[in-house]
Amino acid sequence: MRIGVLTSGGDCPGLNAVIRSVVHRAVVDHGDEVIGFRDGWKGLLECDYLKLDLDAVGGILARGGTILGSSRVRPEHLRDGVERARGYVQELGLDAIVPIGGEGTLKAARLLSDNGLPIVGVPKTIDNDIAVTDVTFGFDTAVGVATEALDRLKTTAESHQRVLIVEVMGRHTGWIALHSGMAAGAHAIVVPERPFDIDELTAKVGARFSAGKRFAIVVAAEGAKPRAGTMDFDEGARDVYGHERFAGIARQLSVELETRLGKEARPVILGHTQRGGTPTAYDRVLATRFGWHAVEAVHRGEFGRMTALRGTDIVTVPLAEAVETLKTVPDDRYAEAECVL
Ligand SMILES: Nc1ncnc2c1ncn2[C@@H]1O[C@H](COP(=O)(O)OP(=O)(O)O)[C@@H](O)[C@H]1O
Ligand SMILES: O=P(O)(O)OC[C@H]1O[C@](O)(COP(=O)(O)O)[C@@H](O)[C@@H]1O
Ligand SMILES: [Mg+2]
């Protein structure tokens, strides 16, 4: 068989582990040929690719990012390019395409699949917001980076009697904020799923100082927002791909909390450090398993599906289900964290 792989959307620790695993399983065990499209869907639409053999994937397991590159393509450009993509798939003699990406990439994968292209998706995202898989690789690494940063920030915040508002990634969901905040013992966590009440947040942080504590750490997911009408808030705008360009929750909260509490409050934005660098062992293993199972799904002709973790098993699920809803932080999970804030 001939299989084309691509990585699309925001990069994520573990992408290289999937690519490596696909090549090993396909080339060594099945005698397949594998090619990699450069820079996500752009590579497919421009027929820009390289051959992936064992040499090409040597030494990449622990490397962050993606050896194939990634990019964003306007969804309408992709919709207009379906016939071109089909032409290249035929020209290259491809039996399957394995796109590795987040919810946006998987929507594109579904579009191509609905148009008859043979697709087996692999989910990735540090945000962990893809509903049909228990976990996505990249999340464990991102939470680890954020937790380490929070541990460090606690000591400097205490020395300077500051409130630090630490902004972590998570446009639509607060999984990284919830887990890193729990792991590091933050004092408040705000997530997109639960618009916060600024009076309650101020009271919570203020109560810490009243109790004699000399600092506070607030973890804010980048997409968190105040309850409508409770605080002046700049929601930002959208970029050309339709993604929100936030105006900075940490910056805005630091101004508000400093004014209300009379304590020095500073924003810290962890940004792309959360998704750069080497993946954790957990993410390497999950990514490697996804790669192996994607190749098996290709050989079984299970197209229009993607790999998913269910308990300890890797299964495949329809792409249609994968893109229906996002996995958000449920109230009961937030309650478990709230109890220890
Ligand atoms: N609704 C959509 N329909 C078709 N293609 C889409 C759609 N949403 C995203 N895509 C394609 O998938 C790419 C990656 O999506 P994006 O949301 O940026 O990253 P991720 O896959 O990590 O969620 C986009 O640049 C675009 O080409
Ligand atoms: O800075 P970029 O590359 O536009 O992406 C930022 C976004 O990408 C992420 O890191 C991952 O999101 P995706 O998996 O949807 O790409 C988000 O947490 C963040 O909001
Ligand atoms: Mg996305």
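Given the structure is predicted, the values throughout are model-derived calculations rather than measurements. (Residues numbered from 1 in each chain as written. Chains lettered and ligands numbered in written order. Predicted model: local features only at pLDDT ≥ 70, side-chain atom pairs only at ≥ 80, totals over all residues. Heavy atoms only, no water.)

S.K.: Could you clarify how one ought to interpret the site of ligand 1 in this entry?
M.R.: The local shell around ligand 1 holds 18 residues, among which R72, V73, E103, T105 and K124 are the closest. Contact between ligand 1 and R72: an oxygen atom at 2.5 Å from a side-chain N or O atom of the residue. At 2.7 Å, a side-chain N or O of K124 approaches an oxygen atom of ligand 1. Protein contacts shield 88% of the accessible area of ligand 1, which totals 550 Å² for the unbound molecule. More than half of the atoms belonging to ligand 1 lie within 2 Å of the grid points that define the largest pocket. Those elements that provide at least two residues to the shell around ligand 1 are α3 (75-80) and α5 (103-114). Among the elements that line the shell around ligand 1, the one with the most residues is α5, at five residues. Along the lines of polarity and charge, the residues of the shell around ligand 1 split into five nonpolar, eight polar and five charged. (Near = heavy atom within 4 Å. Polar contact = N/O pair within 3.5 Å; in protein donor to acceptor, adjacent residues only side chain to side chain. Areas by Shrake-Rupley, 256 points an atom, 1.4 Å probe, with all protein chains shown as cover. 1 Å grid on protein atoms, 1.4 Å probe; cavity = no way out; pocket = protein on both sides within 12 Å on 5 of 7 lines; lining within 4 Å. Sits in = over half its atoms within 2 Å of the grid points. Helix = DSSP H or I, 4+ residues; strand = E, 2+ residues; numbered from the N terminus. Nonpolar A, V, L, I, M, F, W, Y, C, P; charged D, E, K, R; others polar.)

S.K.: Whenever I open this one, the UniProt feature "binding site: ATP" (unreviewed entry) in the protein confuses me. Can you help?
M.R.: UniProt annotation of "binding site: ATP" (unreviewed entry) refers to G10, R72, V73, G102, E103, G104 and T105 when read in the numbering used here. On the basis of their most widely separated C-alpha atoms, the annotated residues across 96 residues gather in one place, lying no more than 13.9 Å apart. As for the largest pocket, its lining draws on G10, R72, V73, G102, E103, G104 and T105 from among the annotated residues. Here G102 is to be found in the loop between β4 (96-101) and α5. Exposure remark for G102: the relative accessible area of 6% places this residue in the buried category. In this structure T105 comes out as buried when scored by relative accessible area, which is 5%. Beyond its immediate sequence surroundings of up to four residues, T105 is in contact with S8, G9, W41, P99 and I100. (UniProt positions renumbered as here; feature names shortened; annotations may be inferred. Buried < 20%, exposed > 50% of the residue type's maximum accessible area, 1.4 Å probe, protein only. Contact = heavy atoms within 4.5 Å.)

S.K.: Could you clarify how one ought to interpret the site of ligand 2 in this entry?
M.R.: Lining the immediate surroundings of ligand 2 are 13 residues, of which T125, D127, E222, H272 and R275 lie closest. Residue R171 places a side-chain N or O atom 3.5 Å away from an oxygen atom belonging to ligand 2. In the environment of ligand 2, an oxygen atom lies 2.5 Å from a nitrogen or oxygen atom belonging to the side chain of E222. Considering ligand 2 on its own, with 480 Å² of exposed area, one finds that the protein chains cover 88% of that surface. Given that more than half its atoms are within 2 Å of the pocket grid, ligand 2 belongs to the largest pocket. Partitioned by chemical class, the residues of the shell around ligand 2 number two nonpolar, four polar and seven charged.

S.K.: When you look at the pairing of strand β13 (residues 313-318) in this model, what are you seeing that I'm missing?
M.R.: One face of the sheet, then the other: side chains in a regular strand alternate in exactly this way. Judged from the six bridges that link them, strand β12 (residues 305-310) and β13 form a sheet pairing that is antiparallel. By the bridge assignment, R305 is partnered in β13 with P318. (Pairing = 2+ DSSP bridges.)

S.K.: Sorry, what's going on with the sheet that holds strand β6 (residues 163-168) here?
M.R.: Each strand in a sheet pairs with another by means of backbone hydrogen bonds, the pair being arranged parallel or else antiparallel. The strand order across the open sheet formed by four strands is β7-β8-β6-β11, and the pairing between neighbours is parallel. The sheet is open, and its two borders are formed by β7 (188-190) and β11 (265-269), each paired with just one other strand. With direction set aside, neighbouring strand axes in the sheet form an average angle of 20 degrees. Where β7 and strand β8 (residues 216-221) come together, three bridges link them in parallel fashion. (Axes fitted to C-alpha atoms, helices over the stretch in contact; angles between N-to-C directions.)

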